[in-house]
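Here's the letter readout for the chains.
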Amino acid sequence: MALSTRSNFAKPDDAFRAIVEAHRGLNDEQSADLDAALVLILANHIGDLDVLKEAIALAARRMLDTSQRQQQQQQQ
Amino acid sequence: MALTKTQFGYRRHPDQDRGAANIAEHAIVVVGAGPVGLSLAIDLAQRGQSVVLLDDADRIGEGSRAICFSKRSLEFWDRLGIGQRMVDKGVVWSVGKIFHGDSLLYQFNLLPEEGHKRPAFINLQQFYAEAYLVDRVEELPAVDLRWRNKVTGLEPHNDHVVLTIQTPDGPYRLAAQYVVACDGARSSLRQMVGAEFTGQVFEDQFLIADVKMTAAFPTERWFWFDPPFHAGRSALLHKQPDDIWRIDLQLNRLADPAVEKLPENVRPRIARMLGHDKFDFEWISLYKFQCRRMNKFIHGRVIFAGDAAHQVSPFGARGANSGLEDAENLAWKLDRVLRGTSPQALLESYHIERSAAADENIRESTRSTDFMAPNSHQEARLRKAVLSLARETEFGKRMVNGGRLSTPSVYDTPLSTADADSWHGGPRPGASMPDAPVAGARGEPMYLTDAFIGAGTSFALLEFSNGAAPELPDGLGTIRIGGKGGLEGGFADPTGLAARRYDAEPGAAYLLRPDGYVAARFRHPTRAALDAALARAAGHN
C-alpha cells in the first residue's frame, strides 16, 4: 500500500477544522504535546511502516522546500 | 564470594625457556580470560583443540558487572558442561515490569510458555560465571591457562602470528596459527592491529550500585520512568544471588562522577528508592557508554570477539550474551578450519553473522538508550506522549522502551540453504534451535537441547521420523523423534511440542549446525539435498 495523497474526506474542511479546534485554547507547548500524541495514534492506526515513511518524507520535503525558499528570499 | 576461587597464581611455563630462534608454536591462542575467552577455550578444547589462554591479571575482576545471562547463553554453557551450575546459583527470572511515576504501565514475560530446559534469563554476578568457567577449564588439560601473561606485541604473518608476552619473569614470544582477542572493550590487541573502533558516544551518565539487603521484592526486572524517588530520570532494580540487588540510576548529564560516586551521596538516593536504609554497598560504579563495533572482526590471523569487537549500552543484556554468542559461533568454525575439514573461508561467515548481530544489538540498545535519555525537546515530547498513551492503549505500552532484552539473532548467511518447501512455522535457516520437551529411550523426560548435546559436537540432523531410515552422510549426528510413543533408538515427543515448534510432520528434518543454529530444513530430505546443504553449511561453496 502506498501513501494516499488523494483527498480522502468527503468534507475536508471538517477534518481540518477538527484538528484546528483541538488546538484552541492551548499554548504552543500544549499544542506540541497534543500533536505528538496525535501523530503516534495515527501512525499506529496506519500500521504500515512504508506508508509512515512516505508520509514522513512528504512532510520533511515540505520543510526543506520552505527553508530553501526562505534562503532564496534572503539572498534576493 | 566464599567458596569461590578468584585469585590464581602465575606459573612459569616451559615456553618461556625457549630461545628466540625456537619459539613455541601453538594452534590457537585466546587472549583474555573473561566469560567470552573462557567459554571459547572450553568449547575448542571439547572439540579436541589445544588452546593457550592468556590473561594479564591473576584474579577474577571485582564487582558484579554483567549480571543477566540469557537462555541462549545457558544453552551454550550446557554444552560446555556448566549450565546447571550457573542456573543453580543464579536467580531465575522471566518477568519484567515497567513503571511510570508510581504506577505500573505494563509487564512482559520473556518466556511465556512451558517446555524449555532453561529460563529466559538468570541473574548471576559475572565473577561467579567466570569462577565456574575457570573451574571447568581446570578439568580440561587441553586448555593451558596462563595468568599474568600480558600481550605487548603482535607480529602478523601470512599463516601465523607471533605474540610478545610480558610476565613477572620477563617477556617471551610464541607463535600461533590463530589468535582470538577476547580482551574486552579496551582491547590492546585491537590497537595492535590498528583497527578503528568508532561509534556513538552517549553523554548520559548512569550509576550502578549493587546493594546487599534482605527484601521481599519478586525476582522480576523493574524499570521506572520518572519514579517518585528519582524525579525526571529512570531507574532499574534487579535481584542477584546472595541478597544482592542491582540498582541502576540515570544521572544528570552534567553530574560530576567523582561526587556522585561517593557512598554518602549514593546512599540517600537509594534510601529514597527502597524506603529504608538498611542496606550495604557491594559495588558502586558510574558509567557512560558507547555503541560501536570494529569494521572487520577478522584481521588476518587475529579474530576479535566480545567487547573487543563490539560494545553496546547495558540496557538489554546484550554485552556478555552477544560475546558468548560470538564464542559459540567461532569455536566450531575455527576447529573445522584447523582440522582441514572446512576451508579457511568458513571463518568469514563468523564476521558476516556476528557483525550483523552486533549491528542489531547496537540498533536495539541505542533505541532503548535514546528512549531513556531523549536527545531533544521533541524527542522528550514524543516519549511523554508514548508514556501517557501507554496508560490506556496497547500500542502505547508496546512502544515504551525500557530495554529490549537480548534474543539470538537470525543469521542471513551464506551457510544457510534457503527453504525449498513450504513452512508455516518453526525456526527458519539461520535461526537458533528452539527447545522442546522430549522423552528418552526409557521414557525419561529430557529436552531437545539435551538430545542435541548427545548427538555429538558436529552437524546433526533432527529428524521427525516417518519410519523410514534414510541413509545419512558420514559423521552427521542424529536426533530421531518418534511420535507420542517414541521409537527405537530415538526420542518420543509426548506433548507434541517438538513437532509443533518445528512445524514438523513425519518425514521432516532440520540440519543443525554445531552451534545449534538451523542450516537447512526439508519436508522430505533426499540424500543429495542433505549433502549439498551440509557442504554449504561447512563453507564448501
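None of the values given here were measured: they were computed from a predicted structure.

Novice: It is not clear to me how the overall build of chain A should be interpreted in this structure. Could you clarify?
Specialist: Summing up its helical and strand segments, chain A has three helices and zero strands in all. Over its C-alpha atoms chain A spans a radius of gyration of 15 Å, topping by over 25% the 11 Å that the globule rule assigns to 76 residues. Seen through its C-alpha atoms, chain A measures out along the principal axes to roughly 45 × 35 × 25 Å. With 76 residues in all, chain A has 1% of them scored as buried.

Novice: Can you help me understand helix 8 (residues 320-339) of chain B in this one?
Specialist: Each turn of an α-helix holds 3.6 residues, which means side chains three or four residues apart point in the same direction. Residues and elements named next belong to chain B. For helix 8, spanning 20 residues, the distance from its first C-alpha to its last is 29 Å, which sits close to the expected 28 Å at 1.5 Å a residue. Where helix 8 bends most, the angle comes to about 25 degrees, and this point is L330. Looking one or two places after helix 8, you find G340, whose phi comes out positive at around 80 degrees.

Novice: What's the story with the nonpolar core in this structure? I'm lost.
Specialist: Taken as a class, soluble globular proteins show a tendency for nonpolar side chains to be buried jointly. By size, the foremost hydrophobic cluster in this structure holds 121 residues, and its most contacted members are B:L40, B:A41, B:V180, B:A305 and B:L511. In contact with B:A305, other than residues within four places in its own chain, are B:V36, B:L40, B:V180, B:C182, B:G323, B:D326, B:A327 and B:L330.

Novice: Explain the domain arrangement of chain B to me, please; I cannot follow it from the model alone.
Specialist: Where interface size is given, it is often the accessible area lost as the parts come together that is meant. If you check the domain split of chain B, you get domain 1 (14-91 + 121-199 + 291-364), domain 2 (203-288) and domain 3 (437-537). A C-alpha centroid distance of 47 Å is found between domain 2 of chain B and domain 3 of chain B.

Novice: Even after reading the chapter, I still don't get the pairing of strand 10 (residues 161-167) of chain B, so can you show me in this structure?
Specialist: Within a regular beta strand, the side chains point alternately toward one face of the sheet and then the other, so they alternate between its two faces. All names here are of chain B. The pairing of strand 9 (residues 150-156) with strand 10 spans six bridges and is antiparallel. Across the sheet, the residue bridging to P156 is V161, located in strand 10. The hairpin turn running from strand 9 into strand 10, its antiparallel successor, is four residues long. In terms of strand pairing, strand 10 meets strand 11 (residues 170-181) through seven bridges, oriented antiparallel.

Novice: Looking at this model, I keep getting lost on the sheet that holds strand 27 (residues 518-522) of chain B. Mind explaining?
Specialist: Within a sheet, adjacent strands bond to each other through the backbone by hydrogen bonds, running parallel or antiparallel. Residues and elements named next belong to chain B. One open sheet holds the four strands; their spatial order is 25-24-26-27, and the pairing between them is mixed. Each of the sheet's edge strands pairs with one partner strand only, and the pair in question is strand 25 (477-481) and strand 27. On average, each strand axis in the sheet is inclined to that of its neighbour by 15 degrees, with strand direction left out of account. When strand 24 (residues 460-464) meets strand 26 (residues 509-512), the two strands line up antiparallel, connected through four bridges. Each residue of the ladder has a partner; that of L462, found in strand 26, is Y510.

Novice: Please explain the sheet that holds strand 12 (residues 198-201) of chain B as it appears in this structure.
Specialist: All names here are of chain B. Taking strand neighbours across the sheet as the criterion, the three strands line up as 12-18-21 in an open arrangement whose pairing is antiparallel. A strand with exactly one partner marks an edge of an open sheet, and here the two such strands are strand 12 and strand 21 (310-311). With two bridges joining them, strand 18 (residues 290-293) and strand 21 adopt antiparallel strand pairing. Residue pairing for strand 21: R293 is matched across the bridge by H310. Lying on the sheet, helix 9 (residues 346-372) is in contact with strand 12, strand 18 and strand 21; it crosses strand 18 at an angle near 165 degrees.

Novice: Would you mind going over helix 7 (residues 263-274) of chain B with me for this structure?
Specialist: Look at helix 7 of chain B: 16 Å from first C-alpha to last across twelve residues, which is about the 16 Å you get at 1.5 Å a residue. Positive phi appears at B:G275, one or two residues downstream of helix 7 of chain B, with a value of about 85 degrees.

Novice: Would you explain the confidence of the model for chain B in this entry?
Specialist: Detailed reading of predicted coordinates is not advised where the pLDDT is low. Taken residue by residue, chain B gives an average pLDDT of 94. The fraction at 70 or more is 99%. We note a pTM of 0.94 for the whole complex and an ipTM of 0.89 for its interfaces.

Novice: Any chance you could explain the pairing of strand 26 of chain B here in plain terms?
Specialist: All names here are of chain B. Every second residue of strand 26 is oriented toward a common face, with A509 and L511 on one face and Y510 and L512 on the other, all of them buried. The pairing of strand 26 with strand 27 spans four bridges and is antiparallel. By the bridge assignment, A509 is partnered in strand 27 with F522. Adjacent in sequence and paired antiparallel, strand 26 and strand 27 are bridged by five residues, among which G516 carries a positive phi angle near 80 degrees.

Novice: Can you walk me through the environment of B:W93 in this structure?
Specialist: Residue and element names in this part refer to chain B. Tracing the chain through its elements places W93 in strand 4 (residues 91-93). Note on W93: 21 C-beta atoms within 10 Å, which makes it buried. Separated by 402 residues in sequence, W93 and T495 have C-alpha atoms that sit 24 Å apart.

Novice: Where do I start with the interface of chain B and chain A in this structure?
Specialist: Each partner contributes residues to the interface: chain B has eight residues there, and chain A has seven residues. Looking at the side of chain B that touches chain A, the element that brings in the most residues is helix 10 (residues 377-390) of chain B, giving seven residues.

Novice: Where do I start with unusual backbone geometry in this structure?
Specialist: Residues and elements named next belong to chain B. Non-glycine residue R148 carries a positive phi angle of around 50 degrees. Topologically, R148 is positioned in the loop between strand 8 (143-146) and strand 9. For R148, a count of 19 C-beta atoms within 10 Å gives the class partly exposed. Positive phi values are uncommon outside glycine, yet D503 reaches one of about 45 degrees. On the secondary structure map, D503 appears in the loop between helix 13 (497-501) and strand 26.

Novice: So what exactly am I meant to see when it comes to the environment of B:M273 here?
Specialist: Residues and elements named next belong to chain B. Position of M273 among the secondary structure elements: in helix 7. With 156 residues separating them in the primary sequence, M273 and P429 have C-alpha atoms 46 Å apart. In this structure, M273 is in contact with F229, H230, A235 and I247, ignoring residues within four places of it in sequence.

Novice: What should I look at first to understand the packing of helix 2 (residues 28-46) of chain A against helix 10 of chain B in this one?
Specialist: Packed helices, taken two at a time, are described by the angle between their axes plus the distance between the axes. Taken N-terminus to C-terminus, the directions of helix 2 of chain A and helix 10 of chain B make an angle of 65 degrees; their axes are 9 Å apart at the nearest point. Considering only the axes of helix 2 of chain A and helix 10 of chain B, their crossing is right-handed. Every residue of helix 10 of chain B that contacts helix 2 of chain A at A:A32, A:D33, A:A36, A:A37, A:L40 and A:I41 is listed here: B:R381, B:L382, B:K384, B:A385, B:V386, B:S388 and B:L389. Looking at the contact of helix 2 of chain A with helix 10 of chain B residue by residue, the class counts come to nine nonpolar, one polar and three charged.

Novice: Please clarify how the packing of helix 1 (residues 35-46) of chain B against helix 8 of chain B should be interpreted in this entry.
Specialist: Residues and elements named next belong to chain B. Helix 8 packs onto helix 1 with a crossing angle of 25 degrees between their chain directions and a minimal axis gap of 9 Å. In terms of orientation, helix 1 and helix 8 fall into the roughly parallel class. You can see that helix 1 and helix 8 cross each other, and the crossing is right-handed. In this structure, helix 1 uses P35, V36, S39, L40, D43 and L44 to contact helix 8, whose residues at the interface are A320, G323, L324, D326, A327, E328, L330, A331, L334 and D335. For the contact of helix 1 with helix 8, a count of residues per class yields ten nonpolar, two polar and four charged.

Thresholds applied
By convention here, each chain's residues receive numbers from 1 onward along its written sequence. Written order determines the labels here, with chains lettered from A and ligands numbered from 1. Note on the predicted model: pLDDT of at least 70 is required for a residue's local features to be given, and 80 or more for side-chain atom pairs to be given and counted; whole-chain, interface and lining totals, by contrast, use all residues. Helix and strand definitions follow DSSP, with helices as H or I runs of at least four residues and strands as E runs of at least two, each counted in order from the N terminus. The globule rule is 2.2 Å times the number of residues to the power 0.38, and the radius of gyration it is compared with is taken over C-alpha atoms. The burial label depends on the number of other C-beta atoms within 10 Å of a residue's C-beta. Counts of 20 or more mean buried, 12 or fewer mean exposed, and intermediate counts mean partly exposed, with C-beta atoms placed from the backbone. Here a helix's expected span is defined as the number of its residues, less one, multiplied by 1.5 Å. At any given residue, the bend is defined as the angle formed between two axes, one fitted to the seven residues that end at that position and one fitted to the seven that begin there. What makes a nonpolar core is a set of buried Ala, Val, Leu, Ile, Met, Phe, Trp, Tyr and Cys residues, with links drawn between C-beta atoms within 7 Å. Two residues qualify as a contact pair if the distance between their C-beta atoms, derived from the backbone, is within 7 Å. An automatic or database domain assignment is the source of the domain bounds shown. Here, a strand pair is defined by DSSP locating no fewer than two bridges between the strands. Note on geometry: axes are lines fitted to C-alpha atoms, helical ones only across the stretch in contact, with angles between N-to-C directions running from 0 to 180 degrees. Summary of the metric used: pLDDT quantifies the predictor's per-residue confidence within the range 0 to 100. Each crossing is labelled by how the near helix is turned from the far one, with a counterclockwise turn of less than a right angle marking it left-handed and a clockwise turn marking it right-handed. Each residue is assigned to one of three groups, with Ala, Val, Leu, Ile, Met, Phe, Trp, Tyr, Cys and Pro labelled nonpolar, Asp, Glu, Lys and Arg labelled charged, and all others, Gly among them, labelled polar. Should an angle lie under 35 degrees it is considered roughly parallel, over 145 roughly antiparallel, and from 65 to 115 roughly perpendicular; all remaining angles are considered oblique.

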